Structures are given as C-alpha cells and as structure tokens.
Amino acid sequence: MSRLLVTGFGPFPTVPDNPSGRLARRLAALRHLHRILGQAPDCLVLDTRYGALDTGLAPALARRPEAVLMIGVAARRSRVCVETRAVNRVSRLFPDAGGSVGRTLAFEPGGPAQRRSAAAAQVHVALRRAGLDAATSRDAGRYLCNASYYRVLEQGCPAVFLHIPMPPRTQRPKAGGGHRRPALDRWAAAFAEVARVLALRGRARGSALHQAHSRCASFAS
Ligand code: PCA
C-alpha cells in the first residue's frame, strides 16, 4: 500500500522513560500492520529537543512519506487523545531534553496560526471502532509534540498526532479474574487501525496527485 512514517519521542525532563517511543517501535514491528501496508513502516523515535526537528524529523519528511502517524505522551491525560490541530505557539517555560526553551512566542514567526489534520475525525472513529475510549483534543499543547505536528502538517500528507496517557505501572487483575491486556499492546493494536486509515488516505492522495500531474503534462505537451 503506501509508505507510512510512525514517530514517537525519547525522554524529557518530566518523563524520564517515555512510553511513546516504545509504542512507536512496537506498532511499527507488528506483522499484522506489515500485511495491511504491504511493507514495514518507517519508524523514528525523536529526541525531545527542538533541534531534533531539523536533524531528525526534517530528513525523514524529505523522504516524502505518504502518511505520518505521530505518538507522544501527555502524562496528565487519562485517555488516548486525537489531536485535531497544531498551533503556532511554543512554551518559553518548559525546557526540552537539552535544556532549551522556545525563544519566541510563535514557533514559526510568520507561519499560520494553526494547521489542522483533515484525518483527525476519521481517526477518532477508527480508534473507537477498535474499542478504545479515545477523545479528541483541541491542540497538541505548546511543547515538542505540538511543534513536530506543526511541521508535519505543513507537508500536506495525511497525518495525525495521538497523545497517550502514562500507561499504568502494574496490570491489575480484572474483577472477573482475567488479566487486563497491557496498555501498550492494546494501543498498538488500535493504532494499527489508524495506520490503515492514514495509509488509505495517503494512497488516495498519491493517485489524485499523480492524475493531476499527468493532466498537466499532457496539457503542456
Ligand atoms: N510528549 C511531549 C513531548 C514528547 C512527548 O512524548 C509533548 O506532549 O509535547
């Protein structure tokens, strides 16, 4: 099907062990997902530093993925959240993993105030259909997740950012006696459905662009 990029993040000052990087790797390794996509997705675990947007994210985007599924942790949320947009704002209070903070209030001075994900509503439905009590969220915050999403949404390919809560430390037995499936496994299975949605949208966009290009080429000749 299409070339999908899956991203997660490494540790940062308030989250020394970031589950989003582990989840991104687990999702990208799912055989079931390889079958859906027709190939393994690319996986990128970014350093939680503003500089990594240029050194890590930009080269991955330069390879022109057809769709991007991004994952980060939001420790104070209790549910998986589908981020509907990224805003052109950056925190001047919270340092990244290298100790840097945003220097200006706007993440990209002169850039649009926000960038929306056209895929967010469909992704939300897909997560709920996959059995996850997911919510939608107005924006991805003012930190690295928002900044990376803002960059990715500029590409125009189907993309969505999913914030996960901190997974529970121990898996307590369910009231019925069985064991609850570990959160990362449940999320990986549900996120594979999101990957399917994004990949289909990416493929549809790819063929629309191809047709438009062929029309322009035949018009010019
Ligand atoms: N969460 C942070 C950055 C990395 C991550 O996993 C955020 O919500 O911006």
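Above this note sits the structure.
In this report, we go over the structure that sits alongside the text. Note that residues are indexed from 1 along each chain, following the sequence as it is written. Given that this is a predicted model, residues contribute local features only at a pLDDT of at least 70 and side-chain atom pairs are listed and counted only at 80 or more, while totals for whole chains, interfaces and linings are drawn from all residues. For the side-chain quantities, the full set of heavy atoms in the structure was used; hydrogens and water were omitted.

Brief notes about the overall build of the protein chain
Working step 1: Helix and strand definitions here come from DSSP, where helices need a minimum of 4 consecutive H or I residues and strands a minimum of 2 consecutive E residues; each element is numbered from the N-terminal end. The number of helices and strands found in the protein chain is six helices and eight strands.
Working step 2: Along the protein chain, from the amino end to the carboxyl end, the secondary structure elements read β-α-α-β-α-β-β-β-β-α-β-α-β-α.
Working step 3: We compute the radius of gyration over the C-alpha atoms and compare it with the globule rule, which gives 2.2 Å times the number of residues raised to the power 0.38. For the protein chain, the C-alpha radius of gyration of 18 Å lies close to 17 Å, the compact-globule estimate for 221 residues.
Working step 4: With the C-alpha coordinates aligned to their principal axes, the bounding extent of the protein chain is approximately 70 × 45 × 25 Å.
Working step 5: Buried residues are those whose accessible area, probed at 1.4 Å on protein chains only, stays under 20% of the maximum for their type, while exposed residues exceed 50% and partly exposed ones sit between those limits. Here the protein chain holds 221 residues, and 47% of them are scored as buried.
Working step 6: Intrachain contacts of the protein chain at a sequence separation of at least 6 include 79% that bridge at least 24 residues.
Working step 7: Of the accessible surface of the protein chain, which amounts to about 11,500 Å², a share of 52% is contributed by carbon and sulfur atoms.
Working step 8: His is not counted, nor are the chain ends; Lys and Arg add positive charge and Asp and Glu add negative charge. Charge positions are represented by NZ for Lys, CZ for Arg, CG for Asp and CD for Glu. Taking the average place of the 34 positive charges on the side chains of the protein chain and the average place of its 13 negative ones, the gap between the two points comes to 5 Å. The contact criterion used is simple: two residues touch if any of their non-hydrogen atoms lie within 4.5 Å. Shrake-Rupley sampling with a 1.4 Å probe provides the accessible areas, and residues are treated as covered by the protein chains on show and by no other component.

Re the environment of Arg116
Working step 1: Position of Arg116 among the secondary structure elements: in strand S6 (residues 114-116).
Working step 2: Taking the C-alpha atoms as reference, Arg116 lies 9.0 Å from Asp139; in sequence the two are 23 residues apart.
Working step 3: Apart from the residues within four sequence positions on either side, Arg116 is in contact with Thr84, Arg85 and Leu153.

Focus on helix H3 (residues 52-62)
Working step 1: For H3, the complete set of buried residues consists of Ala52, Leu53, Gly56, Leu57, Ala60 and Leu61. Buried residues of H3, seen end-on, are gathered within an arc of 120 degrees and therefore sit on one face of the element. Residues of H3 that are exposed and point more than 90 degrees away from the buried face comprise Thr55 and Ala62.
Working step 2: Buried residues along H3 sit in contact with strand S1 (4-9), strand S2 (42-46), strand S3 (67-73) and helix H5 (144-153).
Working step 3: Of the residues flanking the end of H3, it is Arg64, one or two places downstream, whose phi is positive at about 55 degrees. Along the arc lie the directions from the helix axis toward the C-beta atoms.

Any functional reading would require information beyond the geometric quantities listed.
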